[in-house]
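# Survey of secondary and tertiary structure
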Amino acid sequence: MTKLFQYELRRLLHNKLFFCVLAVSLGYGWLTLTNTIILGVAHTAPFSPWSFGYFLSQTLPLICVGELLFLSFFTSKEELQIRSVIRATSMDQRRYAVIRCGAVLTGTLLLSLCVVVLATVFYVRLFGWMNFGELLLPALLTLLPAIIFCLGTGLLLMNLHPALIYVLIAAVLLLPLPPLPTAISFSLNNFFSQYPLTLGKLDPAFHIPSWLIASKTVLTLLGLAFAIVAVNMQKTSFSLNHCRNRMNFKS
(Lines give C-alpha, C1' and ligand atoms only; values in the text may rest on other atoms or scores of the structure.)
Protein backbone atom coordinates (compact mmCIF):
# COMPACT_ATOMS: atom_id res chain seq x y z
CA MET A 1 0.00 0.00 0.00
CA THR A 2 2.87 2.37 0.81
CA LYS A 3 4.53 1.68 -2.54
CA LEU A 4 1.28 2.31 -4.38
CA PHE A 5 0.83 5.61 -2.52
CA GLN A 6 4.38 6.65 -3.43
CA TYR A 7 3.73 5.69 -7.04
CA GLU A 8 0.52 7.76 -7.25
CA LEU A 9 2.12 10.73 -5.51
CA ARG A 10 5.16 10.59 -7.78
CA ARG A 11 2.94 10.52 -10.87
CA LEU A 12 1.04 13.54 -9.60
CA LEU A 13 4.11 15.58 -8.64
CA HIS A 14 5.93 14.79 -11.89
CA ASN A 15 2.96 15.92 -13.94
CA LYS A 16 3.30 19.30 -15.66
CA LEU A 17 -0.05 20.29 -14.16
CA PHE A 18 1.49 20.41 -10.69
CA PHE A 19 4.31 22.70 -11.82
CA CYS A 20 1.90 25.00 -13.66
CA VAL A 21 -0.31 25.37 -10.58
CA LEU A 22 2.77 25.90 -8.40
CA ALA A 23 4.14 28.61 -10.70
CA VAL A 24 0.81 30.48 -10.82
CA SER A 25 0.34 30.25 -7.04
CA LEU A 26 3.86 31.48 -6.28
CA GLY A 27 3.62 34.24 -8.86
CA TYR A 28 0.32 35.54 -7.52
CA GLY A 29 1.58 35.13 -3.97
CA TRP A 30 4.63 37.25 -4.70
CA LEU A 31 2.49 39.99 -6.23
CA THR A 32 0.27 39.94 -3.14
CA LEU A 33 3.26 40.15 -0.80
CA THR A 34 4.96 43.01 -2.63
CA ASN A 35 1.83 45.08 -3.34
CA THR A 36 -0.48 44.51 -0.36
CA ILE A 37 1.13 42.63 2.51
CA ILE A 38 4.23 44.84 2.56
CA LEU A 39 2.00 47.71 3.72
CA GLY A 40 0.34 45.65 6.47
CA VAL A 41 -3.34 44.73 6.69
CA ALA A 42 -5.86 46.44 9.00
CA HIS A 43 -3.14 48.62 10.60
CA THR A 44 -1.07 45.56 11.56
CA ALA A 45 2.54 44.74 10.75
CA PRO A 46 3.25 43.00 7.43
CA PHE A 47 4.52 39.96 9.35
CA SER A 48 1.64 39.86 11.84
CA PRO A 49 -0.63 36.78 11.89
CA TRP A 50 -3.40 39.01 10.53
CA SER A 51 -1.42 40.09 7.47
CA PHE A 52 -0.09 36.57 6.95
CA GLY A 53 -3.61 35.16 7.19
CA TYR A 54 -4.81 37.70 4.64
CA PHE A 55 -1.99 36.64 2.33
CA LEU A 56 -3.08 33.01 2.60
CA SER A 57 -6.73 33.97 2.08
CA GLN A 58 -5.74 35.59 -1.21
CA THR A 59 -3.81 32.55 -2.44
CA LEU A 60 -6.26 29.97 -1.04
CA PRO A 61 -8.58 29.92 -4.10
CA LEU A 62 -5.60 29.08 -6.34
CA ILE A 63 -4.47 26.34 -3.96
CA CYS A 64 -7.95 24.82 -3.90
CA VAL A 65 -8.29 25.10 -7.68
CA GLY A 66 -4.96 23.28 -7.93
CA GLU A 67 -6.31 20.55 -5.65
CA LEU A 68 -9.40 20.13 -7.81
CA LEU A 69 -7.28 20.02 -10.96
CA PHE A 70 -5.21 17.29 -9.30
CA LEU A 71 -8.45 15.37 -8.80
CA SER A 72 -9.41 15.91 -12.44
CA PHE A 73 -6.06 14.38 -13.40
CA PHE A 74 -7.50 11.06 -12.25
CA THR A 75 -10.42 11.32 -14.70
CA SER A 76 -8.38 11.63 -17.90
CA LYS A 77 -8.67 8.97 -20.60
CA GLU A 78 -5.37 7.38 -19.62
CA GLU A 79 -6.43 7.28 -15.97
CA LEU A 80 -9.77 5.69 -16.83
CA GLN A 81 -7.91 2.97 -18.72
CA ILE A 82 -5.68 2.37 -15.70
CA ARG A 83 -8.75 2.23 -13.46
CA SER A 84 -10.35 -0.39 -15.69
CA VAL A 85 -7.23 -2.53 -15.29
CA ILE A 86 -7.22 -2.02 -11.52
CA ARG A 87 -10.88 -3.03 -11.33
CA ALA A 88 -10.02 -6.31 -13.03
CA THR A 89 -7.72 -7.20 -10.14
CA SER A 90 -8.57 -8.23 -6.61
CA MET A 91 -7.52 -4.88 -5.12
CA ASP A 92 -10.05 -3.30 -2.76
CA GLN A 93 -11.44 -0.31 -4.66
CA ARG A 94 -12.08 1.70 -1.51
CA ARG A 95 -8.47 1.29 -0.46
CA TYR A 96 -7.31 2.37 -3.90
CA ALA A 97 -9.59 5.43 -3.73
CA VAL A 98 -8.17 6.32 -0.32
CA ILE A 99 -4.62 6.04 -1.69
CA ARG A 100 -5.39 8.41 -4.54
CA CYS A 101 -7.19 10.74 -2.17
CA GLY A 102 -4.11 10.75 0.06
CA ALA A 103 -1.87 11.51 -2.91
CA VAL A 104 -3.99 14.51 -3.88
CA LEU A 105 -4.10 15.76 -0.29
CA THR A 106 -0.32 15.39 0.06
CA GLY A 107 0.27 17.21 -3.22
CA THR A 108 -2.02 20.03 -2.12
CA LEU A 109 -0.28 20.34 1.25
CA LEU A 110 3.09 20.50 -0.53
CA LEU A 111 1.69 23.27 -2.74
CA SER A 112 0.48 25.11 0.36
CA LEU A 113 3.86 24.64 2.03
CA CYS A 114 5.60 26.26 -0.94
CA VAL A 115 3.31 29.28 -0.65
CA VAL A 116 3.97 29.52 3.10
CA VAL A 117 7.73 29.25 2.54
CA LEU A 118 7.49 32.07 0.00
CA ALA A 119 5.97 34.33 2.65
CA THR A 120 8.49 33.37 5.33
CA VAL A 121 11.42 34.01 3.00
CA PHE A 122 9.88 37.39 2.20
CA TYR A 123 9.62 38.21 5.91
CA VAL A 124 13.17 37.11 6.66
CA ARG A 125 14.79 38.89 3.73
CA LEU A 126 12.88 42.15 4.07
CA PHE A 127 12.26 42.47 7.82
CA GLY A 128 14.63 39.97 9.45
CA TRP A 129 11.57 38.49 11.17
CA MET A 130 11.72 34.81 12.22
CA ASN A 131 8.92 34.19 14.77
CA PHE A 132 7.35 31.54 12.56
CA GLY A 133 5.38 29.93 15.39
CA GLU A 134 2.97 32.88 15.34
CA LEU A 135 1.95 31.96 11.80
CA LEU A 136 0.80 28.43 12.60
CA LEU A 137 -2.74 29.25 13.78
CA PRO A 138 -3.71 31.49 10.84
CA ALA A 139 -2.26 28.88 8.46
CA LEU A 140 -4.28 26.04 9.99
CA LEU A 141 -7.44 28.16 10.17
CA THR A 142 -7.22 29.31 6.57
CA LEU A 143 -5.88 26.27 4.74
CA LEU A 144 -6.99 22.99 6.32
CA PRO A 145 -10.82 23.40 6.46
CA ALA A 146 -10.99 24.69 2.87
CA ILE A 147 -8.61 22.04 1.53
CA ILE A 148 -10.46 19.17 3.21
CA PHE A 149 -13.86 20.53 2.14
CA CYS A 150 -12.78 20.91 -1.50
CA LEU A 151 -11.25 17.44 -1.49
CA GLY A 152 -14.40 15.77 -0.17
CA THR A 153 -16.75 17.81 -2.35
CA GLY A 154 -14.62 17.26 -5.43
CA LEU A 155 -14.49 13.50 -4.88
CA LEU A 156 -18.24 13.33 -4.42
CA LEU A 157 -19.03 15.40 -7.51
CA MET A 158 -16.59 13.39 -9.63
CA ASN A 159 -18.45 10.22 -8.69
CA LEU A 160 -21.68 11.81 -9.90
CA HIS A 161 -20.16 13.17 -13.12
CA PRO A 162 -16.52 14.07 -13.95
CA ALA A 163 -17.52 17.40 -15.52
CA LEU A 164 -18.97 18.65 -12.21
CA ILE A 165 -15.42 19.17 -10.92
CA TYR A 166 -15.12 22.15 -13.26
CA VAL A 167 -18.33 23.65 -11.89
CA LEU A 168 -16.77 23.44 -8.43
CA ILE A 169 -13.58 25.08 -9.73
CA ALA A 170 -15.63 28.01 -11.02
CA ALA A 171 -17.43 28.25 -7.67
CA VAL A 172 -14.14 28.30 -5.75
CA LEU A 173 -12.90 31.18 -7.89
CA LEU A 174 -16.14 33.16 -7.60
CA LEU A 175 -16.94 32.61 -3.91
CA PRO A 176 -14.39 35.16 -2.57
CA LEU A 177 -15.84 37.93 -4.75
CA PRO A 178 -19.18 38.72 -3.04
CA PRO A 179 -19.04 40.22 0.50
CA LEU A 180 -20.30 37.14 2.35
CA PRO A 181 -20.63 37.10 6.15
CA THR A 182 -17.39 35.99 7.77
CA ALA A 183 -19.05 32.94 9.36
CA ILE A 184 -19.68 31.43 5.91
CA SER A 185 -16.75 33.01 4.09
CA PHE A 186 -14.64 30.54 2.14
CA SER A 187 -11.33 32.39 2.00
CA LEU A 188 -11.62 34.48 5.22
CA ASN A 189 -10.23 37.60 3.52
CA ASN A 190 -12.84 39.77 5.25
CA PHE A 191 -11.99 38.29 8.64
CA PHE A 192 -8.29 39.10 8.40
CA SER A 193 -8.83 42.55 6.91
CA GLN A 194 -11.80 43.73 9.05
CA TYR A 195 -11.91 41.87 12.36
CA PRO A 196 -8.68 43.40 13.78
CA LEU A 197 -10.25 46.85 13.38
CA THR A 198 -13.08 45.87 15.76
CA LEU A 199 -10.71 44.95 18.61
CA GLY A 200 -9.92 48.56 19.47
CA LYS A 201 -6.14 48.10 19.53
CA LEU A 202 -3.27 48.87 17.20
CA ASP A 203 -1.82 45.62 15.86
CA PRO A 204 -3.82 43.42 18.29
CA ALA A 205 -2.78 39.91 19.25
CA PHE A 206 -4.17 37.20 17.01
CA HIS A 207 -7.53 35.97 18.22
CA ILE A 208 -9.96 33.44 16.71
CA PRO A 209 -13.57 33.93 17.88
CA SER A 210 -15.45 30.82 18.94
CA TRP A 211 -18.08 31.23 16.24
CA LEU A 212 -15.40 31.09 13.55
CA ILE A 213 -13.89 27.95 15.08
CA ALA A 214 -17.35 26.35 15.00
CA SER A 215 -17.88 27.40 11.38
CA LYS A 216 -14.56 25.98 10.20
CA THR A 217 -15.11 22.79 12.19
CA VAL A 218 -18.43 22.25 10.40
CA LEU A 219 -16.75 22.89 7.04
CA THR A 220 -14.03 20.35 7.83
CA LEU A 221 -16.51 17.70 9.00
CA LEU A 222 -18.59 18.19 5.86
CA GLY A 223 -15.52 17.64 3.72
CA LEU A 224 -14.64 14.46 5.61
CA ALA A 225 -18.22 13.18 5.34
CA PHE A 226 -18.31 13.84 1.58
CA ALA A 227 -14.97 12.04 1.16
CA ILE A 228 -16.24 8.97 3.06
CA VAL A 229 -19.39 8.86 0.94
CA ALA A 230 -17.35 9.20 -2.25
CA VAL A 231 -14.99 6.37 -1.25
CA ASN A 232 -17.93 4.08 -0.46
CA MET A 233 -19.44 4.95 -3.84
CA GLN A 234 -16.26 3.62 -5.44
CA LYS A 235 -16.89 0.24 -3.81
CA THR A 236 -20.54 0.23 -4.91
CA SER A 237 -19.59 1.15 -8.45
CA PHE A 238 -17.02 -1.65 -8.54
CA SER A 239 -19.55 -4.20 -7.25
CA LEU A 240 -22.11 -3.24 -9.90
CA ASN A 241 -19.54 -3.43 -12.69
CA HIS A 242 -18.32 -6.80 -11.40
CA CYS A 243 -21.86 -8.20 -11.42
CA ARG A 244 -22.47 -6.92 -14.94
CA ASN A 245 -19.24 -8.47 -16.18
CA ARG A 246 -20.19 -11.83 -14.67
CA MET A 247 -23.64 -11.69 -16.26
CA ASN A 248 -22.15 -10.83 -19.63
CA PHE A 249 -19.67 -13.70 -19.30
CA LYS A 250 -22.44 -16.21 -18.52
CA SER A 251 -24.54 -15.04 -21.44
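Check the entry above for the structure.
Reference entry: report on the structure contained in this document. (Residues numbered from 1 in each chain as written. Predicted model: local features only at pLDDT ≥ 70, side-chain atom pairs only at ≥ 80, totals over all residues. Heavy atoms only, no water.)

### So, the packing of helix α3 (residues 49-73) against helix α7 (residues 164-174)
Selection criterion: To get an axis, a line is fitted to the C-alpha atoms, and for a helix only the part in contact is used. The angle between two axes follows their N-to-C directions and goes from 0 to 180 degrees. Strands here are runs of E lasting at least two residues and helices are runs of H or I lasting at least four, both read from the DSSP assignment and numbered beginning at the N terminus. An angle below 35 degrees is read as roughly parallel, one above 145 as roughly antiparallel, one from 65 to 115 as roughly perpendicular, and any other as oblique. Any two residues having at least one pair of non-hydrogen atoms within 4.5 Å are treated as being in contact. Gly is put with the polar residues, along with every residue not named as nonpolar or charged; the nonpolar set is Ala, Val, Leu, Ile, Met, Phe, Trp, Tyr, Cys and Pro, and the charged set is Asp, Glu, Lys and Arg.
Put simply, α3 and α7 touch, their axes get as near as 9 Å, and they point 175° apart. Compared by their axis directions, α3 and α7 come out roughly antiparallel. Residues Pro61, Cys64, Val65, Leu68, Leu69, Leu71 and Ser72 of α3 touch α7, and the partners they reach there are Ile165, Tyr166, Leu168, Ile169, Val172 and Leu173. Looking at the contact of α3 with α7, its residues break down into twelve nonpolar, one polar and no charged.

### Some points on the packing of helix α2 (residues 16-35) against helix α5 (residues 93-127)
The condition that has to hold: In a left-handed crossing the near helix is turned counterclockwise from the far helix by less than a right angle, and in a right-handed crossing that turn is clockwise.
Contact geometry for α2 and α5: axes closest at 10 Å, N-to-C directions at 30°. It follows that α2 is roughly parallel to α5 by the angle criterion. Judged by the twist between their axes, the crossing of α2 over α5 is right-handed. Within the contact between the two elements, α2 uses Phe18, Val21, Leu22, Ser25, Leu26, Gly29, Trp30, Leu33 and Thr34 and α5 uses Gly107, Leu111, Cys114, Val115, Leu118, Ala119 and Phe122. Looking at the contact of α2 with α5 residue by residue, the class counts come to twelve nonpolar, four polar and no charged.

### Describing the pattern of salt bridges
Cut-off, in case you're wondering: One speaks of a salt bridge when a side-chain nitrogen belonging to Lys or Arg is within 4 Å of a carboxyl oxygen belonging to Asp or Glu. The buried label applies to any residue whose accessible area, calculated with a 1.4 Å probe on protein chains only, is under 20% of its type's maximum; exposed applies above 50%, and partly exposed to all values in between.
All chains considered together, the criterion is met by two salt bridges. Close ionic contact of Glu8 with Arg11 constitutes a salt bridge, the shortest N to O distance being 2.9 Å. On the criterion of helical spacing, the pair formed by Glu8 and Arg11 is a turn pair, its members being three residues apart in helix α1 (residues 2-13). Both residues of the pair, Glu8 and Arg11, belong to the buried class. Because the salt bridges share partners, they merge into one network encompassing Glu8, Arg11 and Arg100.

### Side note on a nonpolar patch on the surface
Basically, it comes down to this: Each patch is assembled from residues with relative accessible area greater than 30% and no salt bridge, linking like charges that lie within 9 Å and nonpolar side chains (Val, Leu, Ile, Met, Phe, Trp, Tyr) that lie within 5 Å. Each accessible area is a Shrake-Rupley result for a 1.4 Å probe, and residues are judged covered by the shown protein chains and nothing else.
A cluster of nonpolar residues, Ile38, Leu39, Leu126 and Phe127, forms a patch on the protein surface that exposes about 380 Å² of accessible area. Along the chain, Phe127 turns up in helix α5.

Purely geometric stuff here, so don't read any function into it on its own.
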